[in-house]
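Next come the chains, spelled out residue by residue.
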Amino acid sequence: MDFETLGLAEHIIKAVQDLGYKEPTPIQKKAIPALLENRRDMVGLAQTGTGKTAAYGLPLLQLIDFSKSRVQGLILCPTRELCVQISKDLTRYSRYVKHAKIVAVYGGAGMEPQIRQIKKGAQIIAATPGRLLDLTKRGIVNLHEIDYVVLDEADEMLTMGFQEDLDEILAQTPSAKRSWLFSATMTEPVARISRNYLKDPVEITVGRKNSGASNISHFKYVVLEKNRYPALKRIIDYHPDIFSLVFCRTRKETQAVAEKLIRDGYNAESLHGDLSQTQRDYVMGRFRERSLQILVATDVAARGLDVDDISHVIHYNLPDEPGAYTHRSGRTARAGKSGASIVLMNTRENRKLAHVEQVTGVRFQHEKVPSGRAVCEKQLYTMVEKLVDVDVNHEEIDAFLPPVYETLAGLTKEQLIQHFVSIEFNRFLDYYKDSGDINARTPQKRGSTGKRNPTEKRTLTYSPKELTQTQKLFLNMGQLDNIQKGAITRLVCDKSGIRSNQIGKIEVMREFSFLEVDVDWADRVMKSMKGASLDGKRVSMGYAEKKSEKLSSSDKKRGTGKKWTDKSGKTSKRERRSPLSRKRTSARANARWGS
Ligand code: AMP
């Protein structure tokens, strides 16, 4: 289905196509035709980032009579940022509409300029409830003549204490108007607003009620309380191109976490209510233009923050109110993209997490905080990929190269690679080499003796998570070959006869992939690949790391490898300062990163 089939006027379709929208999002497909019929009120259950502004905005632009210069459409929303965003979006959608005037009115800013704009003949106002009431009391906006009222992020407005203001506003609007209510969650107060003010509304839901976007993956990492911050750092280090919003519960915590990250050399800032509006605008502006990589924020301060492409939402602490989880995680995976929502929790927070699961319908996947070795590997391979992809500006650098060639002439190709890689990579190796496993130990299931069942090895029915000793293998195919994890699993299982639960983590890199298999089966898997091919390409497989030796029982007690021996959850002092420090500080100087 494309925009043409929804009943929208040509000039509106042209405006959205100018913006690069190729096809309507699910909420737009459902809401636009229903709203254009203009027969009933509507309740839309949709998360922010799903394209709901256009879902109500485009029909609104089509239904309003722009030849008249009086306020006909009113959009109420919880924050100044959202107000500004909505009016910007609607202005862009109405670029081919003559005389269209859309104004944003919100508190914390001068009232006079807003009044002047309204008096110029605004037909649509996007407003926060408090400021709108002020304007009605001054006789600037007449609510009795409104034709359309949109309540955007109704649940947020109610959580922020706008209930009375909303009641007062809606009571002044005519009964003949149309009301469209949008909310991410259907809480009882939202249902009450719907019951009291909407007439026989059509209900449109995108995804499951009260749940967030389906393209978000939800993970939990369980650590001891003292390791919460080191775990955050490892997760950030494990994702070299992360663009993340980190949520904390209080202003104090927000400030403290941001300060630690900045001190440790990360490109981070805090966003909370103790900052002035100018400071907040500045920080949000930097995050929006991506000159900031990590934004640490409170729930309230991040409301209305409208930034696409956030790769990871990290919950440094779970919110007190479970419904807030949906709002937080909805900051990622916007406009059809995918994203991750990561919860850091200690061993006593299971009940709190279960409550979030119950209210939101989200199911969390347990992930392990990456080991120091895994972080190093990820950093190294990302660096190598960047090395391959970098554009060489011959015009600029060729003149500098002859003496460089001369100096490096004595090194073989292999030595040259080793030296280049070591410049960046030695710091990571050095920083993480004594780092411990900071995952909290999960309690043994009742009834389990902890001893291995002698038949277990033969039947090998354990799941990947229980693979205690794995061997990492290399495969000569990656993203460039369009290979998927499932295809690798099928290939390995078909050829070697092992079961999919004997395969551990699979990582598909740009030109190659890694997979972990049970150490006892690694040789067999390797041998089975002789002569194998996938999609017409000859498969080659090898050990990605030194062949694992089976561990003695004393080794098992100590850990799984010499260099990477775990130190029973202790965080080494070196953990406090990241090896990324230098790199990130220079990134700050350069303002833009990752591009
Ligand atoms: P919203 O949920 O309205 O805040 O929209 C989230 C983001 O999706 C905004 O950046 C919109 O510009 C973008 N967007 C909305 N509709 C579409 C569409 N049909 N195709 C592509 N992007 C869209």
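Located above this text is the structure these notes cover.
These figures come from a predicted structure and were not determined experimentally. (Residues numbered from 1 in each chain as written. Predicted model: local features only at pLDDT ≥ 70, side-chain atom pairs only at ≥ 80, totals over all residues. Heavy atoms only, no water.)

Asks: Lay out the sheet that holds strand β20 (residues 541-543) with the relevant residues and their values.
Replies: Sheet architecture is open: four strands sit in the order β16-β17-β15-β20, paired in antiparallel fashion. With partners counted over all chains shown, the strands left at the sheet margins are β16 (503-508) and β20, one partner each. The average angle at which neighbouring strand axes cross in this sheet is 25°, direction not considered. When strand β15 (residues 470-475) meets β20, the two strands line up antiparallel, connected through three bridges. (Pairing = 2+ DSSP bridges. Helix = DSSP H or I, 4+ residues; strand = E, 2+ residues; numbered from the N terminus. Axes fitted to C-alpha atoms, helices over the stretch in contact; angles between N-to-C directions.)

Asks: Which residues make up the pattern of salt bridges, and what values do they have?
Replies: Taken as a whole, this structure holds 26 salt bridges when the rule is applied. Overlapping salt bridges, with partners in common, bring together Arg 373, Glu 377, Lys 472 and Glu 507 in one network. (Salt bridge = Lys/Arg side-chain N within 4 Å of Asp/Glu carboxyl O.)

Asks: Help me get a handle on the nonpolar core, residues and values and all.
Replies: Leu 8, Leu 58, Ile 75, Ile 124 and Trp 180 are the most contacted members of the largest nonpolar core, which has 39 residues in total. Listing elements by their share of this core, those giving two or more residues are α1 (10-18), α2 (26-37), α3 (52-63), α4 (80-93), β3 (102-105), β4 (124-127), β5 (148-151) and β6 (178-183). Top element by residues in this core is α3. It accounts for six residues. (Core = buried A, V, L, I, M, F, W, Y, C linked by side-chain atoms within 4.5 Å. Buried < 20%, exposed > 50% of the residue type's maximum accessible area, 1.4 Å probe, protein only.)

Asks: An account of a nonpolar patch on the surface is requested, with residue identities and associated values reported.
Replies: On the surface, Val 390, Val 392, Ile 397 and Phe 400 cluster together into a nonpolar patch covering about 380 Å² of accessible area. Relative to the assigned elements, Ile 397 resides in helix α17 (residues 394-397). (Patch = residues over 30% accessible without salt bridge, like charges linked within 9 Å, V, L, I, M, F, W, Y side chains within 5 Å. Areas by Shrake-Rupley, 256 points an atom, 1.4 Å probe, with all protein chains shown as cover.)

Asks: Tell me about the site of the ligand, residues and numbers included.
Replies: Inspection of the region around the ligand gives 15 residues, with Tyr 21, Gln 28, Gly 51, Thr 53 and Asp 308 positioned closest. Here the ligand loses 85% of its free accessible area of 490 Å² to cover by the protein chains. Counted by class, the shell around the ligand contains four nonpolar, six polar and five charged residues. Both domains that furnish three or more residues to the shell around the ligand are identified here as domain 1 (3-205) and domain 2 (216-369). (Near = heavy atom within 4 Å. Nonpolar A, V, L, I, M, F, W, Y, C, P; charged D, E, K, R; others polar. Domains from an automatic or database assignment.)

Asks: Describe the packing of aromatic side chains, with residues and values.
Replies: A complete count under the given rule lists 10 aromatic pairs for this structure. A centroid spacing of 5.3 Å and a plane angle of 45° characterise the contact between Tyr 56 and Phe 182, whose relative ring orientation is tilted. Taken together, the residues span a long stretch of sequence, with Tyr 56 in helix α3 and Phe 182 in strand β6 at a distance of 126 residues. The class of Tyr 56 is buried, set by a relative accessible area of 0%. Judged by its relative accessible area of 0%, Phe 182 is buried. Measuring from ring centre to ring centre gives 5.6 Å for Phe 474 and Phe 512, while their planes differ by 40°; the resulting arrangement is tilted. Residue Phe 474 is found in strand β15, and its partner Phe 512 is found in the loop between β16 and β17 (513-518); the two are separated by 38 residues along the sequence. Of the residues examined, Phe 474 reaches a relative accessible area of 29% and is grouped as partly exposed. (Phe/Tyr/Trp six-rings, centres within 6.5 Å; stacked < 30°, edge-to-face > 60°.)

Asks: Describe in detail the sheet that holds strand β10 (residues 268-271), supporting the description with residues and values.
Replies: One open sheet accounts for seven strands, arranged β10-β11-β9-β12-β13-β8-β14; its pairing is parallel. Two strands close off the open sheet at either side, each with one partner strand: β10 and β14 (365-366).

Asks: A description of helix α5 (residues 111-119) should follow, citing residues and the corresponding values.
Replies: Burial in α5 covers these residues: Met 111, Gln 114, Ile 115 and Ile 118. Down the axis of α5, the smallest arc covering the buried residues is 100°, so these residues share one side. In this fold, the buried residues of α5 make contact with β3, β4 and α6 (129-137). Two residues or fewer past α5, Gly 121 is found with a positive phi of approximately 110°. (Arc of directions from axis to C-beta. Contact = heavy atoms within 4.5 Å.)

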